[in-house]
Amino acid sequence: AWIFKTLAVQNLDMDIVCLCETFFKGRDTLTIDGYTLIGHNRVNISASAHHGSGGVGMLINDRLKASFTWDIIDSEYEDILWVKFTSRVDFTSFLVCVC
């Protein structure tokens, strides 16, 4: 299933992709050529779960590195992630939330 999703992301050439229900555990991650993952894996997982539970993340196209910096500004709650993007040119910014 992840192979199909990886190809879809690369073929659509999106700048920012928000991921919900990643089901990653611990330090699990996802690698897609041309993208950087900011992940927020759930810590509290049911003992009966075969894989992780919940989890969110953001895939950021590497070409944005030339124009923007980004910082996690809030990840206090499981399954909610706020990232602030700031322009390297004029320092305007915008926020993206995935939940």
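Described below are features of the structure shown in this document. (Residues numbered from 1 in each chain as written. Predicted model: local features only at pLDDT ≥ 70, side-chain atom pairs only at ≥ 80, totals over all residues. Heavy atoms only, no water.)

Time to look at the packing of aromatic side chains. Pairs of aromatic rings are described using the distance from one ring centre to the other and the angle between the two planes. One pass over the full model with this rule turns up three aromatic pairs. Considering the side-chain rings of F68 and F94, the 5.6 Å spacing of their centres and the 80° angle between planes classify their relative orientation as edge-to-face. Placement of the pair is F68 in strand β4 (residues 68-74) and F94 in strand β6 (residues 93-98), with a sequence separation of 26 residues. Centroid distance W70 to F85: 5.9 Å. Interplanar angle 50°. Geometry classified as tilted. Of this pair, W70 sits in strand β4 while F85 sits in strand β5 (residues 81-87), and the two are 15 residues apart along the sequence. Overall, W70 belongs to the buried group, its relative accessible area being 18%. Take F85: its relative accessible area is 0%, and that puts it in the buried class. Grouped by ring-pair contacts, the aromatic residues F68, W70, F85 and F94 constitute a single cluster. (Phe/Tyr/Trp six-rings, centres within 6.5 Å; stacked < 30°, edge-to-face > 60°. Helix = DSSP H or I, 4+ residues; strand = E, 2+ residues; numbered from the N terminus. Buried < 20%, exposed > 50% of the residue type's maximum accessible area, 1.4 Å probe, protein only.)

Moving on, we get to the sheet that holds β6. The strands making up a sheet associate through hydrogen bonds between their backbones, and the pairing can be parallel or antiparallel. Read from one edge to the other, the open sheet built from three strands follows the order β4-β5-β6, with strand pairing classed as antiparallel. With one partner strand each, in any of the chains shown, β4 and β6 form the two edges of the open sheet. The mean inter-strand angle of the sheet, taken between neighbouring strand axes irrespective of direction, is 25°. Pairing of β4 with β5, which is carried by six bridges, proceeds in the antiparallel orientation. (Pairing = 2+ DSSP bridges. Axes fitted to C-alpha atoms, helices over the stretch in contact; angles between N-to-C directions.)

Its identity is not glycine, yet D13 carries a phi of approximately 55°, on the positive side. Here D13 lies in the loop between α1 (2-12) and β1 (16-20). Its relative accessible area of 41% is what places D13 among the partly exposed residues. Even without being a glycine, F91 presents a positive backbone phi close to 65°. Tracing the backbone through its elements, the reader meets F91 in the loop between β5 and β6. Note on F91: relative accessible area 61%, which makes it exposed.

The tally for this structure, following the rule as stated, stands at three salt bridges. Note that D15 and R63 form a salt bridge whose closest N and O atoms lie 2.6 Å from each other. Here D15 is found in the loop between α1 and β1, whereas its partner R63 is found in the loop between β3 (56-61) and β4, with 48 residues between them in sequence. Take D15: its relative accessible area is 35%, and that puts it in the partly exposed class. Between D62 and K65 there is a salt bridge, with the nearest N and O atoms lying 3.8 Å from each other. Residue class for K65 comes out partly exposed when judged on its relative accessible area of 40%. Bridged by salt links that share partners, the residues D13, D15 and R63 form one connected network. (Salt bridge = Lys/Arg side-chain N within 4 Å of Asp/Glu carboxyl O.)

Treat this as a map of the structure, not an account of what it does.
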